[in-house]
Amino acid sequence: MSAKKVKTAVLVSGGGTNLQAIIDAQKSGIIKSGEITLVLSNRYDAYALERAKAAEIKTAVVTRKDFGKDFEDRLISVLTENGIELIVLAGFMVILSKKFTDTFKNRIINVHPSLIPSFCGEGYYGLRVHEAALKKGVKVTGATVHFVNEIPDGGEIIEQKAVRVYPGDTPERLQKRVMRQAEWKILPKAVEKISERILKNERL
Ligand code: GAR
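Residues numbered from 1 in each chain as written. Predicted model: local features only at pLDDT ≥ 70, side-chain atom pairs only at ≥ 80, totals over all residues. Heavy atoms only, no water.

Let's talk about the layout of surface pockets
Thought 1: For the largest pocket, the calculated volume is near 790 Å³.
Thought 2: Contributing to the lining of the largest pocket are 36 residues, with Gly 91, Phe 92, Met 93, Tyr 125 and Gly 126 lying nearest its centre.
Thought 3: Listed by contribution, the elements that provide at least two residues to the lining of the largest pocket are helix H1 (17–28), strand E5 (108–112) and helix H7 (171–199).
Thought 4: Here the residues of the lining of the largest pocket sort into 15 nonpolar, 16 polar and 5 charged. (1 Å grid on protein atoms, 1.4 Å probe; cavity = no way out; pocket = protein on both sides within 12 Å on 5 of 7 lines; lining within 4 Å. Points joined across faces, edges and corners; volume = space filled by probe spheres on them. Helix = DSSP H or I, 4+ residues; strand = E, 2+ residues; numbered from the N terminus. Nonpolar A, V, L, I, M, F, W, Y, C, P; charged D, E, K, R; others polar.)

Brief notes about the pattern of salt bridges
Thought 1: Using the criterion set out here, one finds 12 salt bridges in the structure.
Thought 2: We note a salt bridge from Arg 43 to Asp 45, for which the minimum N-O separation is 2.9 Å.
Thought 3: By relative accessible area, Asp 45 is classed as exposed at 54%.
Thought 4: Two residues, Lys 98 and Asp 102, come together in a salt bridge whose shortest N-O distance is 3.0 Å. Placement of both Lys 98 and Asp 102 in helix H5 (residues 98–103) is noted, with a separation of 4 residues, approximately one turn of the helix.
Thought 5: Of the residues examined, Lys 98 reaches a relative accessible area of 45% and is grouped as partly exposed.
Thought 6: Judged by its relative accessible area of 35%, Asp 102 falls in the partly exposed class.
Thought 7: Look at the salt bridges and you will find they share partners, linking Glu 159, Lys 189 and Lys 193 into a network. (Salt bridge = Lys/Arg side-chain N within 4 Å of Asp/Glu carboxyl O. Buried < 20%, exposed > 50% of the residue type's maximum accessible area, 1.4 Å probe, protein only.)

Remarks on the nonpolar core
Thought 1: Formed by 33 residues in total, the largest nonpolar core has its most connected members in Val 10, Leu 19, Ile 109 and Leu 187.
Thought 2: When sequence neighbours within four positions are dropped, the list of residues in contact with Leu 19 reads Val 10, Val 12, Ile 36, Val 39, Ala 48, Arg 51, Ala 52 and Ala 90.
Thought 3: Counting 21 residues, the second-largest nonpolar core is a separate cluster that includes Ala 9, Leu 40, Phe 92 and Phe 100. (Core = buried A, V, L, I, M, F, W, Y, C linked by side-chain atoms within 4.5 Å. Contact = heavy atoms within 4.5 Å.)

Shown next, in the form of structure tokens:
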């Protein structure tokens, strides 16, 4: 009999390179306390869904267009029906309400492409974060994995990693460097760390 693993859902909206990093970390054994059992997207066209299918992981799509004011309730139902114990936001471009974050208190983590508290909160997502960092002229940026509460990017910090900004960087170049050097490393590390604590029944 195989050991119990934390049932993990990864929520995505786009390319899914962070999802891929978690899938790869699961295969290589960096993640051993948890298992992705569901990939949930708010967009039918998210390439992340193809990555999930290639890895033979169950997928679901819940869009605001289909569910309107019941969008979050539908998300909660799908996650609950699938027995999800840990939710990983990996490029999930939706701001979640207090009702949602309270339903899964200390069971939701997010990766953000800056060193929080810089360049975070409402309006700071994807390339916009790197545009703001370059505009400010910071010499160091990075990525953060944190718990999710009702304040956008406001929950307790779990992991951070710094990345150099170089002269002539474009938002796209900086985004790639931050992903490669920081996000794809600290996200799997945080998933394992939190899954291990859930398995041990530690208070989070
Ligand atoms: C990542 O850079 C992630 O940190 C960012 O979106 C990108 C998704 O890429 N998330 C946010 O900005 C959330 N505020 P991916 O789909 O290739 O993982």
